[in-house]
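Residue-level structural notes
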Amino acid sequence: MTARALPADEGPEGFRVRRLRVLGRNDLLLWGTAALLWLAANVLLALGWLRADNLEGHAVVFLVLSALLLRTSLNHSYALAGLLLMRRAAPPPPPPSGRRVALATTFVPGLEPLPVLELTLEAMVRVRGAHDSWVLDEGDDPEVKALAERLGARHFSRKGRPEWNTPSGPFKARTKYGNVNAWLDAVGFAGYDVLVELDTDFAPEPGCLERTAGYFEDPSVGWVQGPPEYRNLDSGWIARGAWEQDHYNKVLQLSLNGLGAPLFVGCHNASRIAALRQVGGFADHEADDALVTRRLLADGWTGVFVPEVLSRGLAPEDLRTYCKQQYRWAHSLLNMKLYRERPLLSRMAPLTRFAYALHGTYYLDGLFETIGLALACWMLVTGDVPPALADARLATFTFLPYVLVQLALWLLRRRWYILPAHRKGIPWRSVLTDFAARPFYLLAAFKALVPTSRRYLVTRKDADPRSPWPFLVPNLVMGVVVASFFAASLVNGVPGTGALRLPVALWLALDAALAAGVVLLRLRRPRAPKTAGA
């Protein structure tokens, strides 16, 4: 790992962040029981699956299914092991009075609503502790200037400055990272010690600086990260589903915090200006937050995760916005991993390197789901089914404990969701939103293979009144195809497919539930007005 000199004049002498173990004695007993159950389930799976008769005459099916099962087992094993790493940082000391702090939000006139910016600026100005509030305005809009002046915030724009509006690189035009880097170059690097960067819709809590700025007294800390929380959860099941999906990532952040390596999240973050200067500012990639995390870690900086609400933003409220956001995240992260990550991983500590090499591979779920569905359709109509799946009793012995323990592991992780509200209810909405995104993960995985950047997109901050049907079509088409093979298997009475039909039927039920949920949400929303001649 690259060594670097720590600033000698920063922080109380000897202060270092203390990372406290999350799991107590009873938690460790519970974890050990879960680990033994998971080991037993995998042993039963191996005994039922790794038999010669499953391979004989079914070699291709057996090998593909074995690869899918291995990936599932490794994913759950990784998540289970990660619980042992979970750490919470002890409260920080008060920040020194002389530390120069800036809160900054970006804004794109015409693409982001002015009232959303107003709410965020009002919240920024109300934050306790000495700081300056900035709006980084891509359009140099007079209304934005007037709003900033009225609220007591400062205004910056790179419009009309060709040196800050380049075709590529850190100042690339029409990108968020280019906007922030222009401000850093013009103002931030020389004028401030700490930057709290917020998306337009993420309004900070009044005490956010009290819970973050003090950690920078540890001279090794380059960034402090809080969890994304949302304030529009009553807008529909898609917004709540997006929120529920993120609960698992917050547990992951606690685990990475044990390594001093939580993810730097682009929607809101606090960072040391000196650390940003060292890594060249915000990374010149659509996955700028993921790439800057890796650059900071490669240069020896550490991060702190604060499992408290520091700001609240807006979750996607409709299927169109949600799927576009998920596609953008998947494409950018996978592209970054393919073309920018490898040299940075080699400069990290071994365990951190392993964790970040795996980070983002969940976006391959769309690919693996498609392979699994194609294989299931083949088996349904051909009867090319290994005995472990063809025999109902053997299938129950082999797979039922495996599935049940996976559900138990999911319930165990919920125990450490960081807020009480995260642990309430059954998160059925996240099941549907994740299901809806799978085809777009598949498309993103293929598009990420091309080493070219795509146009930087701003996530919509309100409900899109346009029709969601184009973004439901991929799931509907897949549903029709799978249902056709399912029906053909029933009509033709293909032998050996009885046990296989249950998981396929569950998949079809999810597909139907997604379509019904989108229809119901659409009935609640106004439609986009038709243009003349439409």
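Refer to the structure presented above.
First, a word on what this report is: a plain description of the structure on this page. (Residues numbered from 1 in each chain as written. Predicted model: local features only at pLDDT ≥ 70, side-chain atom pairs only at ≥ 80, totals over all residues. Heavy atoms only, no water.)

For the rest of this paragraph, the subject is the sheet that holds strand E8 (residues 221-225). Spatially, E5-E4-E3-E6-E9-E8-E10 is the arrangement adopted by the seven strands of the open sheet, whose pairing is mixed. If you trace the sheet from one side to the other, it starts and ends with strand E5 (154-156) and strand E10 (302-305), each paired once. Neighbouring strand axes in the sheet, compared pairwise and without regard to direction, differ in orientation by 20° on average. In terms of strand pairing, strand E3 (residues 101-107) meets strand E6 (residues 194-198) through five bridges, oriented parallel. Pairing of Ala 104 across the sheet is with Glu 197, part of E6. Each of E3, strand E4 (132-137) and E6 is contacted by helix H4 (residues 114-126), which is oriented at about 175° to E3, the strand it contacts most. (Pairing = 2+ DSSP bridges. Helix = DSSP H or I, 4+ residues; strand = E, 2+ residues; numbered from the N terminus. Axes fitted to C-alpha atoms, helices over the stretch in contact; angles between N-to-C directions. Contact = heavy atoms within 4.5 Å.)

Close contact between helix H19 (residues 469-492) and helix H20 (residues 498-524) brings their axes to 10 Å; oriented N to C, the two are set at 150°. Along this stretch, H19 crosses H20, giving a crossing that reads as left-handed. Between H19 and H20, the residues in contact are Trp 469, Leu 472, Asn 475, Leu 476, Met 478, Gly 479, Val 482, Ala 483, Phe 486, Ser 489 and Leu 490 and Arg 501, Val 504, Ala 505, Trp 507, Leu 508, Asp 511, Leu 514, Ala 515, Val 518, Val 519 and Arg 522, respectively. Per-class residue counts for the contact of H19 with H20 are 16 nonpolar, three polar and three charged. (Left-handed = near helix turned anticlockwise from the far one by under 90°. Nonpolar A, V, L, I, M, F, W, Y, C, P; charged D, E, K, R; others polar.)

Before going further, it helps to spend a moment on the packing of aromatic side chains. Enumeration over the complete set of coordinates arrives at 13 aromatic pairs. Summarising the aromatic geometry, the rings of Phe 156 and Trp 164 are spaced 5.8 Å apart at their centres and angled 55° between planes, so their arrangement reads as tilted. Like Trp 164, Phe 156 is buried. Ring centres of Phe 264 and Phe 282 lie 5.8 Å apart, and the angle between their planes is 80°; on these two criteria the pair is classed as edge-to-face. Of the two residues, Phe 264 is situated in the loop between helix H9 (247-257) and strand E9 (268-272) and Phe 282 in the loop between helix H10 (273-278) and helix H11 (288-298); the sequence distance between them amounts to 18 residues. No difference in accessibility class separates Phe 264 from Phe 282, as the two residues are buried. Taken together, the ring pairs in this structure connect Trp 49, Phe 62 and Phe 399 into an aromatic cluster. (Phe/Tyr/Trp six-rings, centres within 6.5 Å; stacked < 30°, edge-to-face > 60°. Buried < 20%, exposed > 50% of the residue type's maximum accessible area, 1.4 Å probe, protein only.)

What follows covers the nonpolar core. If you look at the biggest cluster of nonpolar residues, it comprises 151 residues, and the most contacted ones within it are Leu 80, Trp 183, Leu 184 and Leu 195. Leaving out residues up to four positions away in the same chain, Leu 80 has contacts with Trp 31, Ala 34, Ala 35, Trp 38, Leu 409 and Leu 412. (Core = buried A, V, L, I, M, F, W, Y, C linked by side-chain atoms within 4.5 Å.)

With respect to the helices and strands, Val 101 occurs in strand E3. Overall, Val 101 belongs to the buried group, its relative accessible area being 6%. Separated by 53 residues in sequence, Val 101 and Gly 48 have C-alpha atoms that sit 60 Å apart. Leave out the neighbours within four places in its chain, and Val 101 touches Ala 130, His 131, Asp 132, Tyr 192, Val 194 and Leu 209.

Our next topic: the pairing of E4. Of all six residues in E4, five are buried; the element is thus mostly enclosed. As judged from the six bridges shared by E3 and E4, these two strands associate in the parallel manner. Paired with Thr 106 across the bridge in E4 is Leu 136. At this point the chain moves from E3, through H4, to the parallel E4, and the crossover so formed is right-handed. As judged from the three bridges shared by E4 and E5, these two strands associate in the parallel manner. Counted as the bridge partner of Leu 136 is Phe 156 from E5. For the crossover that starts at E4, traverses helix H5 (residues 142-151) and ends in the parallel E5, the hand is right-handed. (Right-handed = clockwise from strand over helix to strand, strands pointing away.)

All right, on to the pattern of salt bridges then. Note that side chains of opposite charge can pair when their charged atoms are close. The full count for this structure, using the stated rule, is 26 salt bridges. When the shortest N-O distance is used, the salt bridge between Arg 150 and Glu 118 registers 2.9 Å. Taken together, the positions of Arg 150 in helix H5 and Glu 118 in helix H4 put the pair 32 residues apart, joining distant regions of the chain. Owing to a relative accessible area of 25%, Glu 118 belongs among the partly exposed residues under this scheme. Note that Lys 145 and Asp 140 form a salt bridge whose closest N and O atoms lie 3.3 Å from each other. Residue class for Lys 145 comes out partly exposed when judged on its relative accessible area of 38%. Under the relative-accessibility criterion, Asp 140 is labelled partly exposed at 29%. Sharing partners across several salt bridges, the network here consists of Lys 176, Glu 197 and Asp 199. (Salt bridge = Lys/Arg side-chain N within 4 Å of Asp/Glu carboxyl O.)

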